[in-house]
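What follows is each chain in one-letter form.
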Amino acid sequence: MTSKQRAYLKGLAMTMEPIFQIGKSSLTPENTAAVAEALEARELIKISVLQNCMDDPKEIAAVLAERTRSQVVQVIGKKIVLYKEGKDNKKKIFLP
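Residues numbered from 1 in each chain as written. Predicted model: local features only at pLDDT ≥ 70, side-chain atom pairs only at ≥ 80, totals over all residues. Heavy atoms only, no water.

## Section: the sheet that holds strand β4 (residues 79-83)
As a general point, the strands of a sheet are linked pairwise by backbone hydrogen bonds and lie either parallel or antiparallel. The condition that has to hold: In this analysis, strands are considered paired if DSSP registers two or more bridges between them. Here a helix means four or more residues in a row that DSSP labels H or I, a strand means two or more in a row labelled E, and each is numbered from the N terminus. The convention used is that axes are lines fitted to C-alpha atoms, helices contributing only their stretch in contact, and that angles between N-to-C directions extend from 0 to 180 degrees. Whether two residues touch is decided by their heavy atoms; if any such pair falls within 4.5 Å, the residues are in contact.
Pairing in this open sheet of four strands is mixed, and the strands run β1-β2-β4-β3 from one edge to the other. At either margin of the open sheet sits one strand with a lone partner, and together these are β1 (20-22) and β3 (71-76). Averaged over all adjacent pairs, the angle separating strand axes in this sheet is 25°, with direction ignored. The pairing of strand β2 (residues 44-49) with β4 spans five bridges and is classified as antiparallel. Across the sheet, Ser48 pairs through a bridge with Lys79, a residue of β4. Each of β1, β2 and β4 is contacted by helix α2 (residues 29-42), which is oriented at about 150° to β2, the strand it contacts most.

Okay, here's the thing in structure tokens:
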């Protein structure tokens with residue numbers, strides 16, 4: 001992913017609300033499966049890491065990206081943005 005594409009995705013993610021929250025149980029197989037399913041449907045998702053989660057958000061983002069075969073767009077504070085190119089052209093985000 002180029003820096004121009006990353007910047008474009010960051011701009012899209014700015015207006016999004018987080019659709020997942022990761023709490024004190026950190027990453028569970030159920031969380032990972034739900035994130036993978038959401039990435040298939042939306043391509044770009046935002047995840048919030050709650051205060052009671054003791055793991056580092058950057059580590060969580062890296063593990064999630066690896067398990068879901070997606071890319072980390074950004075991690076700011078306790079917010080994670082992931083992107084995975086979709087197969088359906090109708091809902092596809094076209095990168096510059």
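The structure having been displayed, the exposition proceeds.
## Things to note about the pairing of β4
Note the following rule: Type-normalised accessible area, obtained with a 1.4 Å probe on protein chains alone, sets the label of each residue: buried when under 20%, exposed when over 50%, and partly exposed for intermediate values.
Among the five residues that make up β4, four are buried, leaving the element largely enclosed by the rest of the structure. Taken together, β3 and the strand that follows it, β4, pair antiparallel across an intervening segment of two residues, in which Gly77 is found at a positive phi of about 60°.

## So, the nonpolar core
To keep it simple, the criterion reads: Only buried Ala, Val, Leu, Ile, Met, Phe, Trp, Tyr and Cys residues count toward a nonpolar core, and they belong to the same one when joined by side-chain atoms within 4.5 Å.
Ranked by internal contacts, the top residues of the largest apolar core, which has 15 residues, are Ile47, Ile60, Leu64 and Leu82. Those elements giving two or more residues to this core turn out to be α2, β2, α3 (57-68) and β4. When sequence neighbours within four positions are dropped, the list of residues in contact with Ile60 reads Ile22, Ser26, Leu27, Val49, Cys53, Asp55 and Ile80. Counting residues in each nonpolar core, the second largest holds seven residues, with Ala13, Met16, Leu44 and Val73 among its members.

## Topic: the pattern of salt bridges
Quick note on the threshold: A pairing counts as a salt bridge when a side-chain nitrogen of Lys or Arg comes within 4 Å of a carboxyl oxygen of Asp or Glu.
Evaluated as defined, the whole model comprises one salt bridge. The partner of Lys84 in a salt bridge is Glu40, and the shortest N-O contact between them spans 3.0 Å. Of this pair, Lys84 sits in the segment after β4 while Glu40 is found in helix α2, placing the two residues 44 residues apart along the sequence.

## What to know about unusual backbone geometry
At Glu43, a position not held by glycine, the phi torsion is positive, near 75°. Note that Glu43 resides in the loop between α2 and β2. Even without a glycine there, the phi angle at Arg69 is positive, about 55°.

## Structural notes on the confidence of the model for the protein chain
As a reminder, the rule being used: On a scale of 0 to 100, pLDDT captures the predictor's confidence in every residue.
For the protein chain, per-residue confidence averages 87 on the pLDDT scale, and residues scoring 70 or more make up 91% of the total. Per-element confidence in the protein chain is highest for β4, whose mean pLDDT is 94, and lowest for helix α1 (residues 3-14), whose mean pLDDT is 89.

## Regarding α1
Basically, it comes down to this: One less than the number of residues in a helix, times 1.5 Å, gives the span that helix is expected to have. When we speak of the arc, we mean the arc of directions from the helix axis to the C-beta atoms.
With 12 residues, α1 extends 16 Å from end C-alpha to end C-alpha; this agrees with the ideal 16 Å at 1.5 Å per step. Those residues of α1 not exposed but buried are Gln5, Leu9 and Ala13. All buried residues of α1 lie within an arc of 75° about the axis, which places them on one face of the element. When the buried face of α1 is taken as reference, the exposed residues oriented beyond 90 degrees from it are Ser3, Lys4 and Met14. Buried residues belonging to α1 abut β2, β3 and β4.

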